[in-house]
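Each chain, written out:
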Amino acid sequence: MKKVVIVTGAARGIGYATSKIFSERGYTVVAMDIINPSKSEMDFIKCDVSDENDVANAVNYTVKKYSRIDALVNVAGIVVVKPIEETEWQEFIKVVSVNLGGTFLMIKHVVPIMKAQGGGTIVNTASVSGHVGQIRHSIYGATKGGIISLTKSLAWELAPYKIRVNSVSPGSVDTQMLRDDITGEAKRMNMNFEDVKRMRESEQAFQRWADPKEIAEAIYFLSSDSSSFITGTDLLVDCGWTAK
Ligand code: NAD
């Protein structure tokens, strides 16, 4: 029987690359997002991870169609890049609801299925911003720090049910999210995009950004039996950023 994985934020970027790797390696992938994927070789269902009705419906859809959920990969996320005093309450609520709230809601609705079937794996997406201070990323970083803490607690809470819970913390990954972030930074600093890009590349020891596939491989590893003794871990995929 094919294993079944749910990937959120699967329409593009890291989520899309992750869906592709699972699909190539024999999983049935249920891809979830609020926007339509540009390519659709996966089973796609619209789902806003910050809306509990959407999440419950999407999880029910998966179980009705495929009977099980072996792996959950929470990738959906948004960023707000602003000085603290310019950050609106509604922006705070939004980023917390999607990043931390969406991760919570997906786990809440998938865990009963994994418990009933006797196990499973969960991989959450944190960030270097959850480890080190990043200027104008304070609220975003707080959600990512929260995801790392959530991961550790749930690793212990769910271990008796053979459910492993881990997270990945990417450095800079070449996606729409990062390119939008750099465009905003370039405007704010009155610099051109390429100069800001070079500055942000230099935070990685190899002086480049990751390809989304390089993060997807780490997520796949943490979801596979190759990591059977790993739970409660945050895997930094940051090319040395936080080692400096
Ligand atoms: P992206 O913007 O390219 O993709 C994110 C996807 O999530 C999009 O398809 C978007 O539509 C979806 N999404 C947003 N809100 C959603 C919601 N409420 N419900 C469902 N889907 C939603 O970004 P990315 O760079 O691929 O980021 C993926 C994850 O990786 C995020 O959690 C992000 O914080 C994290 N991350 C990214 C980087 C980076 O440098 N790109 C670094 C560290 C961590």
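Nothing here was measured: the structure is a model prediction, and the numbers come from that model. (Residues numbered from 1 in each chain as written. Predicted model: local features only at pLDDT ≥ 70, side-chain atom pairs only at ≥ 80, totals over all residues. Heavy atoms only, no water.)

Visitor: Sorry, what's going on with the site of the ligand here?
Guide: Near the ligand you find 28 residues, and of these Arg-12, Asp-33, Tyr-140, Val-173 and Thr-175 are the closest. In this structure, an oxygen atom belonging to the ligand sits 2.8 Å away from a side-chain N or O atom of Arg-12. With respect to the ligand, the side chain of Thr-175 contributes an N or O atom lying 2.5 Å from an oxygen atom. For the ligand, whose free accessible area comes to 830 Å², the fraction covered by protein is 95%. Where the shell around the ligand is concerned, the elements lending two or more residues are α1 (13-24), α4 (138-158) and α5 (176-189). (Near = heavy atom within 4 Å. Polar contact = N/O pair within 3.5 Å; in protein donor to acceptor, adjacent residues only side chain to side chain. Areas by Shrake-Rupley, 256 points an atom, 1.4 Å probe, with all protein chains shown as cover. Helix = DSSP H or I, 4+ residues; strand = E, 2+ residues; numbered from the N terminus.)

Visitor: Sorry, what's going on with the packing of helix α3 (residues 89-117) against α4 here?
Guide: The angle between the axes and the distance between the axes are what describe a pair of packed helices. In the contact formed by α3 and α4, the axes pass within 9 Å of each other and the chain directions differ by 15 degrees. Relative to α4, α3 is oriented roughly parallel. Where α3 crosses over α4, the handedness of that crossing is right-handed. Across the interface between the two elements, Phe-92, Val-95, Val-96, Asn-99, Leu-100, Thr-103, Phe-104, Ile-107, Val-111 and Lys-115 of α3 pack against Ile-139, Tyr-140, Thr-143, Lys-144, Gly-146, Ile-147, Leu-150, Leu-154 and Leu-158 of α4. Grouping the amino acids of the contact of α3 with α4 by side-chain chemistry returns 13 nonpolar, 4 polar and 2 charged. (Axes fitted to C-alpha atoms, helices over the stretch in contact; angles between N-to-C directions. Parallel < 35°, antiparallel > 145°, perpendicular 65-115°, else oblique. Left-handed = near helix turned anticlockwise from the far one by under 90°. Contact = heavy atoms within 4.5 Å. Nonpolar A, V, L, I, M, F, W, Y, C, P; charged D, E, K, R; others polar.)

Visitor: Sorry, what's going on with the pairing of strand β4 (residues 71-74) here?
Guide: A regular strand places its side chains on the two faces of the sheet in alternate fashion. Burial of the side chains of β4 extends over both faces: Ala-71 and Val-73 are buried on one face and Leu-72 and Asn-74 on the other. Sheet topology note: the β4/strand β5 (residues 120-125) ladder contains 4 bridges and is parallel. Its bridge partner being in β5, Asn-74 is matched across the sheet by Asn-124. After leaving β4, the chain enters α3 and then returns to the sheet as β5, a path that is right-handed. (Buried < 20%, exposed > 50% of the residue type's maximum accessible area, 1.4 Å probe, protein only. Pairing = 2+ DSSP bridges. Right-handed = clockwise from strand over helix to strand, strands pointing away.)

Visitor: Is there a simple way to explain the sheet that holds strand β1 (residues 4-8) in this structure?
Guide: In a beta sheet, neighbouring strands are held together by backbone hydrogen bonds and run either parallel or antiparallel to one another. Spatially, the 7 strands line up as an open sheet ordered β3-β2-β1-β4-β5-β6-β7, and their pairing is parallel. Both edges of this open sheet fall to β3 (43-46) and β7 (234-237), since each of them pairs with a single strand only. Within this sheet the neighbouring strands show an average axis-to-axis angle of 20 degrees, counted without direction. Summarising the sheet, β5 and strand β6 (residues 163-170) pair through 6 bridges and their orientation is parallel. In the sheet register, Thr-125 faces β6, and the bridge partner there is Val-168. Sheet contacts for α1: β1, β2 (28-33), β4 and β6; angle to β1, the most-contacted strand, approximately 170 degrees.

Limitation: the analysis is restricted to geometry and does not speak to function.
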